[in-house]
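Understanding the architecture of this molecule
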Amino acid sequence: LVTAALLSLGYSAHAQDQMSVRTNGLSLLTAITSALQHNPSILLQQKQVDISQGSLQEISGRFDWTLGSYAGLSEDARPIAEADRDDPLQTKEDKTINQYAVGLEKQLRSGISVSPNVQFSQTDDRNEVNPNRDDSSVNFTVTVPLLKERGREATAGDEMAARATHEQSRFELLDTVAKSILQTGQYYWNYAACAEELDILIKTEDRARRLIEDVRKLIAADQRPAADIDQLEANLNDKTMQRIVREQLLIQAQHDLGMAMGLSYRDIDYLPRPTNTFPVFNMHHLDPDACDESFLNAACPRRPHYKAAQQAEESARLLRNFARHGKRHQLDLV
């Protein structure tokens, strides 16, 4: 539900956030929304869901009704040998046949196939007394497999496997979304931590610099020995080094968050500071004896990648059985 709500914000809302993000800062919700809409891993997995759905639809089409029709016209005009003539005046055969047929065919997932059809033919034999003759027939054929293709797994095993693969891709998409949200959140708080630490180090460096200026004034007034300045300058150099290292870490954290959000390198350079502050948690003591297998048993059925693995196993089992059924001999009852 949380993922659906974030996705429903839409591109327009994300564009508005991007316009105001440079002035108002970057919120955690904006970072996660951008990741859900632009993260390449999510977009790639969404395409995998579409591909698996198309494969399932293609295989399922084998069990749809198939409509077939036929129309034909034949002319038979050939000379008759004099010895074969019943009528001396009949020198050739002259016959026209019009044929029409329409039928349906359906393969049931149980293995049985049905094919009703209607046929109609009209014959015009100009050598007969009654030249016109109409014939029609209605047929309903049922084919029951006795060995090969008997049963649902033998006939529709590949379809069932494709459906399991489609479910697997859907669970993998949910898992990718969950990991993207988790990763974006981790990078966001790391970015926020680096920014706060950098602000603290900048203030510490400024205090060390002001302290040096104050001590130099005292040295000039003969209130402090000149040797005291060396230790203070060393302390300032140490604070400066820490600030430079933290600036590098901040740039790395900014890059990691921008990549997780699916931003281009140009946009990553202008990524603003985080606006969310670290929450305060009330940590309660957890009894170690309470961490038994019930936690594992409750967590596994809810994990998308665990469900995806189950669907992958089911798909492999169905394809194996489908291949085994395909090795049987063909014997049908029509």
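This one's a predicted model, so the numbers in the text were calculated from it and none came from an experiment. (Residues numbered from 1 in each chain as written. Predicted model: local features only at pLDDT ≥ 70, side-chain atom pairs only at ≥ 80, totals over all residues. Heavy atoms only, no water.)

**So, the confidence of the model for the protein**
Our working rule: The predictor reports its confidence for every residue as pLDDT, a score running from 0 up to 100. Working definition: helices are DSSP H or I runs of at least four residues, strands are E runs of at least two. Numbering for both runs from the N terminus. Contacts are residue-level and defined by heavy atoms, with any inter-residue pair within 4.5 Å sufficient.
When the pLDDT values of the protein are averaged, the result is 84; 83% of them are 70 or greater. The secondary structure element of the protein with the lowest average pLDDT is helix α1 (residues 2–7), at 42, and the one with the highest is helix α4 (residues 40–60), at 93. In this model residues 1–23 is a low-confidence stretch, pLDDT under 50, and it forms 23 contacts with partners more than four residues away in sequence or in other chains.

**Focus: the pattern of salt bridges**
The criterion, for reference: Salt bridges are defined by distance alone: a side-chain nitrogen of Lys or Arg within 4 Å of a carboxyl oxygen of Asp or Glu. The buried label applies to any residue whose accessible area, calculated with a 1.4 Å probe on protein chains only, is under 20% of its type's maximum; exposed applies above 50%, and partly exposed to all values in between.
For the coordinates displayed, the defined rule picks out 15 salt bridges. Note that Arg243 and Glu205 form a salt bridge whose closest N and O atoms lie 2.9 Å from each other. Placement of Arg243 in helix α6 (residues 228–261) and of Glu205 in helix α5 (residues 152–220) is noted, with a sequence separation of 38 residues between them. Look at Arg243 and you get buried, because its relative accessible area is 18%.

**Thoughts on the side chain of Lys239**
The criterion, for reference: Counting rule applied: Lys, Arg positive; Asp, Glu negative; His and chain ends not counted.
On the secondary structure map, Lys239 appears in helix α6. In this structure Lys239 is buried but unpaired, with Asp238 as the nearest side chain of opposite charge at 4.9 Å. Residues contacting Lys239, with those up to four places away along its chain left out, are Thr204, Glu205 and Ala208.

**Quick notes on the side chain of Thr184**
So the rule is basically this: Here a polar contact means two N or O atoms within 3.5 Å. Within protein one must be a hydrogen donor candidate and the other an acceptor candidate, and residues neighboring in sequence count only if both atoms are side-chain atoms.
The residue Thr184 is located in helix α5 in this model. A polar side-chain atom of Thr184 sits 2.7 Å from the main-chain carbonyl oxygen of Ser180. Not counting the four nearest positions on each side in its chain, Thr184 is found in contact with Ala31, Ile32, Ala35, Leu257, Ala260 and Met261.

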